[in-house]
Amino acid sequence: MKILSADSSAIAASVALSEENKLIGEFFINTSLTHSQTLMPLINQLLKSTNTKIEDINCIAINAGPGSFTGVRIGVAAVKGLAFANDIPCVSVSTLSSMAYNMIDRNCIVCSVMDARCEQIYNALFKVNNNKIIRLCEDRALSLNDLKSELSQINDRIILIGDGAEITYNYLGNQLENVELAPVNLRYQRASSTALAAFEKYKCNQIVTAKELMPIYLRLPQAQRELNKKRGLNK
């Protein structure tokens, strides 16, 4: 079973082709180009480089959020288009969950953090034990101070991962000695980890159609929040 996976939830973009748990190929790019310029060319080049036709793909997976509103929309739209045109099932993966798979070979607590701006982060906690990922909480948007309070109650090794990892680490300072940054080569979301998360969901028949695939947002877009603020709404 071949899975085509993609991520465009933050600044970097990546695509991967895997056969069950075997990685066949992966492209990663982190430039100033927008995902609308990079994502589909990356997919086309990956398929060409691996001598794979779109008809050979059994499932398409995407980090559907949380993340950048624009990036998530572009990624989901690209996958919906490919899947709908070729009648391929989809797997919607939490961006925060996929990042935990970067640390699948280490026994620890993974603290996935993405910069949500406005003094908030997107976050979820996962326990990694013997190559198994156990979710400890739902994806959420919360303040750095709230996360600090929660992490202070954990005695296990904690690894920060994601584009908000360094911000969080600097905020914590030296107050939590069991907290560390993930290595820079494993710190950000990658489509190969999306594939691992997607394979687990696929085995449990957690698939959706192209029509059913939707972005996952934990907050309203900035423009909508500003409009609500002017209207006196606390949303």
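For the structure given in this document, a descriptive report is provided here. (Residues numbered from 1 in each chain as written. Predicted model: local features only at pLDDT ≥ 70, side-chain atom pairs only at ≥ 80, totals over all residues. Heavy atoms only, no water.)

### Some thoughts on the nonpolar core
Heads up, the condition is: For this analysis, a nonpolar core means a set of buried residues of the types Ala, Val, Leu, Ile, Met, Phe, Trp, Tyr and Cys, connected via side-chain atoms within 4.5 Å. Under the scheme applied here, a residue whose accessible area is under 20% of the maximum for its type counts as buried, over 50% as exposed, and between as partly exposed, the area being computed with a 1.4 Å probe on protein chains only. To qualify as a helix, a DSSP run of H or I must reach at least 4 residues; to qualify as a strand, a run of E must reach at least 2; elements of each kind are numbered from the N terminus. Note on contacts: a residue pair qualifies if any of its non-hydrogen atoms lie within 4.5 Å across the two residues.
By size, the foremost hydrophobic cluster in this structure holds 34 residues, and its most contacted members are V110, C111, L147, L151 and I158. Taken together, the elements giving at least two residues each to this core come down to α3 (95-100), β6 (108-117), β7 (120-129), α4 (144-151), β10 (158-161) and α5 (165-172). Of all the elements, β6 adds the most residues to this core, at 7 residues. The contact partners of V110, leaving out residues within four places of it in the chain, are A100, M103, A124, L125, F126, V128, I159 and I161. Among the nonpolar cores identified, the runner-up in size contains 25 residues, and A13, I60, C90 and A210 belong to it.

### Let's talk about the pairing of strand β1 (residues 2-7)
Rule in force here: Criterion used throughout: strands pair if DSSP finds at least two bridges between them.
Within β1, 5 of the 6 residues are buried, which leaves it mostly tucked inside the rest of the structure. Relative to strand β2 (residues 13-19), β1 runs antiparallel, the two being bridged by 6 bridges. Following the sheet pairing, L4 is matched in β2 by L17. Taking the residues between adjacent antiparallel strands as the criterion, β1 and β2 are bridged by 5 residues.

### Focus: the environment of Y217
Tracing the chain through its elements places Y217 in the loop between α6 (191-203) and α7 (222-230). Given a relative accessible area of 35%, Y217 falls into the partly exposed group. Separated by 78 residues in the primary sequence, Y217 and D139 have C-alpha atoms spaced 10.0 Å apart. When near neighbours in sequence (up to four residues on either side) are disregarded, Y217 contacts F69, V72 and R73.

### What to know about the sheet that holds strand β4 (residues 59-65)
For clarity, the cut-off: To get an axis, fit a line to the C-alpha atoms, keeping to the stretch in contact for a helix; angles then go from 0 to 180 degrees between the N-to-C directions.
Strand order in this open sheet of 5 strands is β3-β2-β1-β4-β5, and the pairing throughout is mixed. Lying at the two open borders of the sheet, with one neighbouring strand each, are β3 (22-29) and β5 (90-94). Mean inter-strand twist for the sheet, computed between neighbouring axes without regard to direction, equals 20°. The sheet contact formed by β2 and β3 spans 7 bridges and is antiparallel. Across the sheet, residue A16 finds its bridge partner in β3, namely E26. Sitting on the sheet, helix α1 (residues 35-49) is in contact with β1, β2 and β3, with an inclination near 25° to β2. Packed on one face of the sheet, α6 meets β1, β2, β3, β4 and β5 and runs near 130° to β1.

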